[in-house]
Amino acid sequence: MTALAVRGVRVTVPASTANLGSGFDALGMALGVHDELEFAVVDGGLEVEVSGEGASAVPTDERHLVVRAFRAACELVGVEVPGLRLTCRNAIPHARGLGSSAAAIVAGVAAGFAFAGRESDTSALQLAAEFEGHADNAAAAMFGGVAIAWTQGDRFRAVRVEPHPGVTPVVLVPAEESSTRTTRGLLPSKVPHEDAAFAAGRSALAVHALSSDPSLLLDALDDRLHEPYREPAWPATTRLVRSLRAAGVAAAVSGAGPTVLALPPDGVLPPRVDTAGFQARRVAVDLGGVRVAPLG
Ligand SMILES: Nc1ncnc2c1ncn2[C@@H]1O[C@H](COP(=O)(O)OP(=O)(O)OP(=O)(O)O)[C@@H](O)[C@H]1O
Ligand SMILES: N[C@@H](CCO)C(=O)O
């Protein structure tokens, strides 16, 4: 067993938007909306306090996602925590396509690593991605900026790409939720080769557009790989993506939806696009990813 490096940590973890069009399970970008969590070692037991998003819905016992990820991380790095007091102040909306589950997992993993005196690294990403099932959101939440994620056998890998300052996101968040697990169930096991080729070109272009030339974002965010199949789950989201794109605004479904991600120049949407039913919010790109500080 490793000795505890600290007795408590404060963790700040960003939301993220995944896929960015055709980069299904491969591209993510961290966003400037953050959950704040405190992990304090206590003599025994588990105490979980949650405020903000999801407070009335998430369990406050061993089933809590942050607790599960934290415990798995502690086991991996070899630290034993006798008891835990966890405080979560959540700002990331749940089940809206803004990476709330990845943020919760990354926060738990980062805290577990910090208790062993370690920073989040490739083994932390591996654990977080195993929990989430894919690494696009998790890599973005862990390392900030734009993430390119891929798998090598059963290993999850990712690199961080610096976003261009002209990438200015607006998220359009509807009131209703949509579960990622449910809409992954709508995806086919095979797609036409033509659509795969379309996705390869678009997702490669997305990396260039996000890092070097935002004027190419409209083409880059076009998708045939997941959005058409998931449309029955969120028809209003699909309509809004189409209206924005018809008005020349780069837009895609954020993650598994139902939030819409728009990347208009200067973060300003044309007033003629009807966004009724969605709360539009301009957000920064988070550049640093998860942050961990000792509890004072
Ligand atoms: N901060 C959190 N604390 C505890 N559980 C959470 C937290 N955030 C998310 N969850 C759990 O994860 C579920 C949402 O996960 P889901 O993968 O469906 O959506 P998402 O992560 O918000 O969106 P997406 O994966 O499309 O970006 C919530 O309903 C809740 O059960
Ligand atoms: N790539 C994932 C992101 C949401 O978790 C999906 O679209 O299902």
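Nothing here was measured: the structure is a model prediction, and the numbers come from that model.

### Topic: the site of ligand 2
Thought 1: Within the structure, ligand 2 sits among Ala-18, Asn-19, Phe-24, Asp-25, His-134, Asp-136, Asn-137, Thr-180, Arg-184, His-226, Gly-255 and Ala-256.
Thought 2: At the level of secondary structure, the elements contributing two or more residues to the shell around ligand 2 comprise helix 4 (136-143) and helix 5 (180-184).
Thought 3: Across the shell around ligand 2, the residue classes break down as three nonpolar, six polar and three charged.
Thought 4: Two domains share the shell around ligand 2, each providing at least three of its residues, namely domain 1 (8-163 + 285-294) and domain 2 (170-282).

### Details of helix 3 (residues 122-132)
Thought 1: Listed as buried for helix 3 are Ala-124, Leu-125, Leu-127, Ala-128, Ala-129, Phe-131 and Glu-132.
Thought 2: The elements touched by buried residues of helix 3 are helix 1 (65-77), helix 2 (100-115), helix 4 and strand 6 (155-161).
Thought 3: Just beyond helix 3, the residue with positive phi is Gly-133, at close to 100°.

### Describing the site of ligand 1
Thought 1: Looking at ligand 1, there are 24 residues lining it, with Ser-100, Ser-101, Thr-180, Gly-255 and Ala-256 nearest.
Thought 2: If you list the elements that add at least two residues to the shell around ligand 1, you get helix 1, strand 4 (83-90) and helix 2.
Thought 3: With four residues, the single largest contributor to the shell around ligand 1 is helix 2.
Thought 4: Considered class by class, the residues forming the shell around ligand 1 number ten nonpolar, twelve polar and two charged.

### Here's the deal with the nonpolar core
Thought 1: Counting 88 residues, the largest nonpolar core has Val-106, Ala-107, Ala-110, Ala-128 and Ala-138 as the members making the most contacts within it.
Thought 2: No other element matches the twelve residues that helix 2 contributes to this core.
Thought 3: Among the domains, domain 1 (8-163 + 285-294) and domain 2 (170-282) are the pair contributing at least three residues each to this core.
Thought 4: Once residues lying within four places of it in the same chain are set aside, the contact partners of Val-106 are Val-13, Ala-128, Ala-138, Ala-141, Met-142 and Val-290.

### What to know about the UniProt feature "binding site: ATP" (unreviewed entry) in the protein
Thought 1: The feature "binding site: ATP" (unreviewed entry), as given by UniProt, occupies Pro-93, His-94, Ala-95, Arg-96, Gly-97, Leu-98, Gly-99, Ser-100, Ser-101, Ala-102 and Ala-103 in the numbering adopted here.
Thought 2: Mapped onto the fold, His-94 is located in the loop between strand 4 and helix 2.
Thought 3: Residue contacts for His-94: discarding those within four places in its chain leaves Glu-53, Gly-54, Ala-57, Ser-100 and Glu-177.
Thought 4: If you trace the backbone, Gly-99 turns up in the loop between strand 4 and helix 2.
Thought 5: By C-beta crowding, Gly-99 is classed as buried, having 32 other C-beta atoms within 10 Å.
Thought 6: Setting aside residues no more than four positions away along its own chain, Gly-99 makes contact with Ala-15, Ser-16, Ala-18, Ile-92, Asn-137, Ala-141 and Gly-255.

Rules of the game
- Residues numbered from 1 in each chain as written.
- Chains lettered and ligands numbered in written order.
- Predicted model: local features only at pLDDT ≥ 70, side-chain atom pairs only at ≥ 80, totals over all residues.
- Near = placed C-beta within 6 Å.
- Helix = DSSP H or I, 4+ residues; strand = E, 2+ residues; numbered from the N terminus.
- Nonpolar A, V, L, I, M, F, W, Y, C, P; charged D, E, K, R; others polar.
- Domains from an automatic or database assignment.
- Buried ≥ 20, exposed ≤ 12 C-beta atoms within 10 Å, placed from the backbone.
- Contact = placed C-beta atoms within 7 Å.
- Core = buried A, V, L, I, M, F, W, Y, C linked by C-beta atoms within 7 Å.
- UniProt positions renumbered as here; feature names shortened; annotations may be inferred.

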